[in-house]
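Overview (structure and organization)
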Amino acid sequence: MTPFIPLIAALALQPAAPDRIDADWLEGCWEGSGFGSPASECWMSSPTGRLTGVFQLLRADGSQRFSEIIVIDVFEDGPAMRLKHFHADLTGWESADEFVSFPLLEQRDDALIFDGMEIRLTPDGGLTVDVVIGEGDQARTERFTYSRAG
């Protein structure tokens, strides 16, 4: 498992390109698992490099546990991934003007490394997403593994 890069170590990384995020390799739909449950996500890119995604985590019976709408782009405070969580009934976890943000630390031909999350293509064409989940004073890394849908 690729360890999460702590913020201190990330300071040594090259800064991300300030004007565009190049991650067309992420485009399309992915199916797999995370938190021990079925998961899927789909990504669309725009000509400007902005990526918009949707994510869902399912229960064993196929019903939705929660979903997310995600945007990866260069914002006024720099390149980042921003997302909002939704319960299965579409009520939001965050308030209307709030979102979760993961600043981009580094982009590679096969990876996006954010502060708190890493998205990587695997050598076999799959995808791994490592997310740092904070619980009080404790934090753990949760891995999602995907293959291309279809």
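Refer to the preceding data block for the structure.
First things first, this report covers the structure right here in the doc. What you are looking at is a predicted structure, and each value in this text was computed from that prediction instead of being measured.

1. Observations concerning the nonpolar core
Generally speaking, a soluble globular protein has its nonpolar side chains buried in company with each other. Within the largest apolar cluster, 26 residues are counted, with the highest numbers of intra-cluster contacts made by L26, I72, M81, L112, F114 and I119. Not counting residues within four places of it along the chain, the set of residues in contact with L112 comprises I21, A23, W25, L26, I72, L104, E106, Q107, M117, E118 and I119.

2. Looking at the sheet that holds strand β2 (residues 37-45)
Strand order around the closed barrel formed by 10 strands is β1-β2-β3-β4-β5-β6-β7-β8-β9-β10, with antiparallel pairing between neighbours. Within this sheet the neighbouring strands show an average axis-to-axis angle of 25°, counted without direction. As defined by bridge partners, strand β4 (residues 64-75) adjoins strand β5 (residues 78-87) across 10 bridges and the pair is classed as antiparallel. Residue pairing across strands places V71 opposite R82, the latter belonging to β5.

3. Structural notes on the pairing of strand β10 (residues 138-148)
Taken together, the 4 bridges between strand β1 (residues 28-34) and β10 define a ladder with antiparallel strand orientation. When the bridges of β10 are listed, S33 appears paired with T145. Sheet topology note: the strand β9 (residues 127-135)/β10 ladder contains 9 bridges and is antiparallel. Directly across from L127, in β10, lies its bridge partner Y146. Connecting the antiparallel pair β9 and β10 is a turn made up of 2 residues, with G136 showing a positive phi of about 65°.

4. Things to note about the packing of aromatic side chains
Enumeration over the complete set of coordinates arrives at 5 aromatic pairs. Where F35 meets F144, the ring centres are 5.3 Å apart and the plane angle is 85°; that geometry is what we call edge-to-face. Of this pair, F35 sits in the loop between β1 and β2 while F144 sits in strand β10, placing them 109 residues apart in sequence. Judged by its relative accessible area of 29%, F35 is partly exposed. The exposure class assigned to F144 is buried, which follows from its relative accessible area of 6%.

Basis of the calculations
- Residues numbered from 1 in each chain as written.
- Predicted model: local features only at pLDDT ≥ 70, side-chain atom pairs only at ≥ 80, totals over all residues.
- Heavy atoms only, no water.
- Core = buried A, V, L, I, M, F, W, Y, C linked by side-chain atoms within 4.5 Å.
- Buried < 20%, exposed > 50% of the residue type's maximum accessible area, 1.4 Å probe, protein only.
- Contact = heavy atoms within 4.5 Å.
- Pairing = 2+ DSSP bridges.
- Helix = DSSP H or I, 4+ residues; strand = E, 2+ residues; numbered from the N terminus.
- Axes fitted to C-alpha atoms, helices over the stretch in contact; angles between N-to-C directions.
- Phe/Tyr/Trp six-rings, centres within 6.5 Å; stacked < 30°, edge-to-face > 60°.

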